[in-house]
Amino acid sequence: MYRTYSYNDMPQPVHNRRRDEKREEKREERRDEHREISASHCPPPCPPKKCEDKKDGGFLGGIFDNLEADDIILIIVAIVLLMDDCDDKLLLIALAFIFFSEWF
């Protein structure tokens, strides 16, 4: 009563060649327009940034210039643990290792 179809045995739709050709032409026109639009709207690439030595920053300026959000979070967590009289010294050592690992 029911017929099962495999991928190779599926019924094929009826094709109208003119309609298919027009669709394909429209698709190619859209692709060309998209390429032209994307090429005209792309800004020129930015030149690479040059590293400048900051002489007025001193020793502390160099350390704080390299801090990122994750470093600040690690410092805050370590300070809170130290203020709470944390007995887990291994945890503090692990936090310090994670903090200094990016410079090694």
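I will try to describe carefully the structure that is included in this document.

Definitions and limits used
All chains use their own residue numbering, which begins from 1 and follows the written sequence. Only residues with pLDDT of at least 70 get local features here, since the model is predicted, and only at 80 or more are side-chain atom pairs given and counted; chain-wide, interface and lining totals rely on the full set of residues. As a convention, hydrogens and water are excluded, and side-chain values are obtained from all of the structure's heavy atoms. Helix numbering and strand numbering both begin at the N terminus, where a helix is a DSSP run of H or I of at least 4 residues and a strand a DSSP run of E of at least 2. Buried residues are those whose accessible area, probed at 1.4 Å on protein chains only, stays under 20% of the maximum for their type, while exposed residues exceed 50% and partly exposed ones sit between those limits. Residue exposure ignores everything except the shown protein chains as possible cover, and the areas themselves are Shrake-Rupley values with a 1.4 Å probe. Throughout, a contact is declared for two residues whenever any of their heavy atoms are within 4.5 Å. Each Phe, Tyr or Trp ring (for Trp, its six-membered ring) is paired with any other whose centre lies within 6.5 Å, and the angle between the two planes then decides the class: stacked below 30 degrees, edge-to-face above 60, tilted in between. Residues enter a patch when their relative accessible area is above 30% and they make no salt bridge; the linking distance is 9 Å between like charges and 5 Å between nonpolar side chains (Val, Leu, Ile, Met, Phe, Trp, Tyr). Counted as salt bridges are all cases of a side-chain nitrogen of Lys or Arg within 4 Å of a carboxyl oxygen of Asp or Glu. In this count, Lys and Arg are taken as positive residues and Asp and Glu as negative ones, while His and the chain termini are left out. Where a charge lies is defined by one atom per residue type: Lys uses NZ, Arg uses CZ, Asp uses CG and Glu uses CD. What a helix is expected to span follows from its residue count: subtract one and scale by 1.5 Å. To form a nonpolar core, buried Ala, Val, Leu, Ile, Met, Phe, Trp, Tyr and Cys residues must be joined to one another through side-chain atoms within 4.5 Å. The arc in question is the one traced by the directions running from the helix axis out to the C-beta atoms.

## Side note on the overall build of the chain
What the chain contains, in helices and strands, is 4 helices and 0 strands. Mapped in sequence order, the helices and strands of the chain form the string α-α-α-α. Split into buried and exposed, the 104 residues of the chain put 9% on the buried side. For the chain, the accessible area works out to roughly 10,700 Å², and carbon and sulfur atoms hold 59% of it.

## Notes on the side chain of Asp-71
Mapped onto the secondary structure, Asp-71 falls in helix H3 (residues 69-83). Those residues within four positions of Asp-71 in sequence are excluded, and the remaining contacts are Asn-66, Phe-99 and Glu-102.

## A word on the packing of aromatic side chains
According to the stated counting rule, one finds 1 aromatic pair in the structure shown. Considering the side-chain rings of Phe-99 and Phe-100, the 5.0 Å spacing of their centres and the 80° angle between planes classify their relative orientation as edge-to-face. A residue is classified by how much of its surface remains accessible, and Phe-99, at 14% relative accessible area, is buried.

## Concerning a negative patch on the surface
The grouping of Glu-21, Glu-25, Glu-28, Glu-29, Glu-33 and Glu-36 at the surface amounts to a negative patch. Inspection of the secondary structure puts Glu-28 in helix H1 (residues 17-41). Given a relative accessible area of 43%, Glu-28 falls into the partly exposed group.

## Concerning H3
In this model H3 runs 21 Å from its N-terminal to its C-terminal C-alpha over 15 residues, within 8% of the 21 Å that 1.5 Å per residue would give. Summarising the contacts, the buried residues of H3 are in contact with helix H4 (89-100). Two residues or fewer past H3, Asp-85 is found with a positive phi of approximately 55°.

## What about the nonpolar core?
Of all hydrophobic cores here, the largest spans 7 residues; its members are Leu-67, Leu-74, Leu-81, Cys-86, Leu-92, Leu-95 and Phe-99. Taken together, the elements giving at least two residues each to this core come down to H3 and H4. When residues in this core are grouped by element, the largest group, 3 residues, is from H4.

## Notes on H4
Three or four residues apart is the spacing at which side chains of an α-helix point the same way, because the helix has 3.6 residues per turn. Look at H4: 16 Å from first C-alpha to last across 12 residues, which is about the 16 Å you get at 1.5 Å a residue. Here H4 has its buried residues at Leu-92, Leu-95 and Phe-99. For H4, the angular spread of the buried residues around the axis is 60°, confining them to a single face. In H4, those exposed residues whose orientation departs by more than 90 degrees from the buried face are Leu-90, Ile-93 and Phe-97. Buried residues in H4 make contact with H3.

Bear in mind that shape data such as this cannot, by itself, settle questions of function.
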